[in-house]
Amino acid sequence: MPLTLAFLNTAPQHEVLQQLPGLYEHSPWIAEKALCARPFASLAAFKYAMVQVLGEAGTQAQLDLIRAHPELAGKAVEPLTAESSHEQNQAGLTRCTPQELAQLQQLNADYGQKFGFPFILAVRGPRGAGLRKQEIIDTFVRRLRNPADFEHAEALRNIHRIVEIRLNDAFDTHPAQGNTVWDWQEDLSVHTDPGYAEHGQLTVTYLTDAHRACATQIAQRMRDCGFDTVQIDAVGNVVGRYLAATPDAKTLLTGSHYDTVRNGGKYDGRLGIFVPMACVQALSSQGKRLPFHFEVVGFAEEEGQRYKATFLGSGALIGHFNPSWLDQTDVDGISMRTAMAHAGLQVNDIPALQRNPADYLGFVEVHIEQGPVLNELDIPLGIVTSINGSVRYTGEVLGVACHAGTTPMNRRRDAATAVAELALYVEQRAGQDGDSVGTVGMLQVPNGSINVVPGQCNFSLDLRAPNNAQRDALANDVLAQLQSICDRRGLRYTLEETMRAAAAPSAPLWQQRWEAAVESLGVPLHRMPSGAGHDAMKLHEVMPQAMLFVRGQNAGISHNPLESSTADDMQLAVDAFSHLLNHLLNNLSPD
């Protein structure tokens, strides 16, 4: 018989512990200390109480816990708990081929020698259904390269994930909507651009075949969820509307982007489309209407990967589509105008996409954090206080290409070393502010040769800060340094500003609504700025906005194939969004 929250909160402590014998491997003291904080508002609150207990226990107690775990497909310090035996069997680790077993044994030996404790992995994975053996081995190999302090923390994070899944089993509570959202993202990730599909990499750039396939799939999902109207608009945005009972009601806008960076992750942007879609699916199945229209937009372009037109999708909704973009060409010489015509989009209809802000309550967006903060804190959700302002440039430094063997060092006009010097300055200057960041993400020597001094170097600059004044001061210093470097080295340069986005502080009322939603779930409230840019930045220019972050796995890495989140955290995001909608349903008043 499954346990209940009431039992957890009211039963004698020893009875609760008897029902959770293998929660932490041979370490019942963690749950025992956490139970002192009863009552818990939710199972998530109990999970976090145990996170706190272990975090405060000290390094030796943490190491003792890690060492109480068995090796994967290997030996155990103590007899395997029933839970560990079940998990390893479910992952196929008890059915290894001789070659797989030999590889795992060698990995176990190498890992133990380097770190002094066994490799810990939640083998049931982010969906809870189990990782494939090859995924386990690949993760083992990758994490063996980690520094010791990082791997210690990663082991603890995986232990907490193991406990989360074991609790779900004990309480027979499973993230049904989170699983659905997770599955939708997996299904969408089958579409990827040529040149990347062959390598199993996810890349979806504006108006490619893969991009259009994504739009079609999202649109059909929206129809299946019960949206009243679904369309792909004149720039490729997928727009679903769940209508209020009153035609002249205002609209709450939400969504995110479905394009990706090259060789990116499955959740960046897409999570913010599918979470509200899951909310609509639930509303529709219940025959429930909101006192406002609910508009979910899958923005066609945010990343600026194919054309220099970042935030094209959300920008079109506020009247910021620049007609000159239509004449831009991609690396294959295909203009945006041609790509749009090929996709069946009507450029003359783009001006009509502009929304009237008076018709809208505001814009809210769910997004994977894309950073390590929530992961390190072991907190599933974060409240965004502001989105950093940013500015981007692409540039070219021109020198003289000459023989690498015959040209003395003091007579060179090396374009690449000039950009390298600039990159080091960007690193140093941004670090002075503490919370500014600067990146030279692209550095390329066209037609470079091993024995030729580079006469040309193309590069990019990405500069960000929490407010516009700080961003501009950083940019001014970096550009002045570029001029100084080129003057000193006898070089020329060109520089083009490709994107400028103002900092976007969250609207206080909407931030408070997200905070109330998170608090209702019994999980800790953590406020944080966003270093990444989001579609909310564009909507911020015309209406109030606020964002909710969802924890990422693998140290929160993003713009990377390792980008990941769990179905449990996605479920909490759906629950938070549902709470926000229900709160508005009962408390909506003119803002």
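Going by the structure above, here's the rest.
Just so you know, these numbers come straight off a predicted model, no measurement behind them.

A. Highlighting the overall build of the chain. Of regular secondary structure, the chain possesses 20 helices and 16 strands. Scaling as 2.2 N^0.38, a compact globule of 591 residues should have a C-alpha radius of gyration of about 25 Å, and the chain matches this with 26 Å. Along the three orthogonal principal directions, the C-alpha set of the chain runs to about 75 × 70 × 45 Å. Across the 591 residues in the chain, those meeting the buried criterion constitute 53%.

B. Quick look at the pattern of salt bridges. Inspection of the entire model under this criterion finds 33 salt bridges. Between Arg 161 and Asp 568 there is a salt bridge; the shortest N-O distance is 2.7 Å. Here Arg 161 is found in helix α9 (residues 148-171), whereas its partner Asp 568 is found in helix α20 (residues 567-587), with 407 residues between them in sequence. Per residue, the accessibility class of Arg 161 equals that of Asp 568, and both read buried. The residue Glu 186 makes a salt bridge to Lys 266 at a minimum N-O spacing of 3.1 Å. Taken together, the residues Glu 186 in helix α10 (residues 176-188) and Lys 266 in the loop between β3 (251-257) and α12 (271-285) connect sequence positions 80 residues apart. What you see here is one network of salt bridges that share partners, running through Lys 47, Arg 161, Glu 164 and Asp 568.

C. Structural view of empty space enclosed by the protein. Inspection of the entire model under this criterion finds 2 cavities of 30 Å³ or more. Secondary-structure elements contributing two or more residues to the lining of the largest cavity are α6 (82-90) and α9. Ranked by the residues each element gives to the lining of the largest cavity, the list is headed by α6, at 3 residues. Classifying every residue of the lining of the largest cavity by side-chain character gives 7 nonpolar, 3 polar and 2 charged. Taken as a whole, the second largest cavity holds about 40 Å³ of empty space. Along its surface, the second largest cavity is lined by Ala 501, Ala 502, Ala 503, Met 537, Lys 538, His 540 and Glu 541.

D. A look at the packing of helix α5 (residues 59-67) against α9. Two elements in contact, α5 and α9, have axes separated by 11 Å at closest approach and are oriented at 60 degrees. Compared by their axis directions, α5 and α9 come out oblique. Crossing angle aside, the handedness with which α5 passes α9 is left-handed. Within the contact between the two elements, α5 uses Thr 59, Gln 62, Leu 63, Leu 65 and Ile 66 and α9 uses His 152, Ala 155, Leu 156 and Ile 159. When the residues that make up the contact of α5 with α9 are grouped by side-chain class, the tally is 6 nonpolar, 3 polar and no charged.

E. Just the pairing of strand β12 (residues 456-465), in detail. Counting buried residues in β12 gives 8 out of 10 residues, a clear majority hidden from the surface. In the sheet, strand β7 (residues 389-398) pairs with β12 via 10 bridges, with the strands oriented antiparallel. Directly across from Ser 390, in β12, lies its bridge partner Arg 464. Pairing of strand β9 (residues 437-439) with β12 involves 3 bridges; the strand directions are antiparallel. Within β12, the residue paired with Gly 438 across the bridge is Leu 463. Direction of pairing for strand β10 (residues 443-444) relative to β12: antiparallel, over a ladder of 2 bridges. Counted as the bridge partner of Leu 443 is Phe 459 from β12.

F. The packing of aromatic side chains, seen in detail. Applying the stated rule across the entire model yields 12 aromatic pairs. Judged by centre distance (5.1 Å) and plane angle (45 degrees), the ring pair of Phe 40 and Phe 46 falls under tilted. Accessibility expressed as a relative area gives 7% for Phe 40, which makes it buried. Centre to centre, the rings of Phe 299 and Phe 363 are 6.3 Å apart; their planes meet at 50 degrees, and the pair counts as tilted. Taken together, the positions of Phe 299 in strand β4 (residues 293-299) and Phe 363 in strand β5 (residues 360-368) put the pair 64 residues apart, joining distant regions of the chain. A relative accessible area of 0% means that Phe 299 is categorised as buried. Residue classification places Phe 363 among the buried residues on the basis of a relative accessible area of 0%. These aromatic residues form a ring-pair network of at least three members: Tyr 111, Phe 115, Phe 117, Phe 119 and Phe 140. Looking at Arg 157, its charged tip hangs above the ring of Phe 150, at a distance of 5.7 Å from the centre. In this structure, Arg 289 is placed above the aromatic ring of Tyr 242, and the distance from its NZ or CZ to the ring centre is 4.3 Å.

Calculation rules
- Residues numbered from 1 in each chain as written.
- Predicted model: local features only at pLDDT ≥ 70, side-chain atom pairs only at ≥ 80, totals over all residues.
- Heavy atoms only, no water.
- Helix = DSSP H or I, 4+ residues; strand = E, 2+ residues; numbered from the N terminus.
- Rg over C-alpha atoms; globule rule 2.2 N^0.38 Å.
- Buried < 20%, exposed > 50% of the residue type's maximum accessible area, 1.4 Å probe, protein only.
- Salt bridge = Lys/Arg side-chain N within 4 Å of Asp/Glu carboxyl O.
- 1 Å grid on protein atoms, 1.4 Å probe; cavity = no way out; pocket = protein on both sides within 12 Å on 5 of 7 lines; lining within 4 Å.
- Points joined across faces, edges and corners; volume = space filled by probe spheres on them.
- Nonpolar A, V, L, I, M, F, W, Y, C, P; charged D, E, K, R; others polar.
- Axes fitted to C-alpha atoms, helices over the stretch in contact; angles between N-to-C directions.
- Parallel < 35°, antiparallel > 145°, perpendicular 65-115°, else oblique.
- Left-handed = near helix turned anticlockwise from the far one by under 90°.
- Contact = heavy atoms within 4.5 Å.
- Pairing = 2+ DSSP bridges.
- Phe/Tyr/Trp six-rings, centres within 6.5 Å; stacked < 30°, edge-to-face > 60°.
- Lys NZ or Arg CZ within 6 Å of the ring centre and 35° of its normal.

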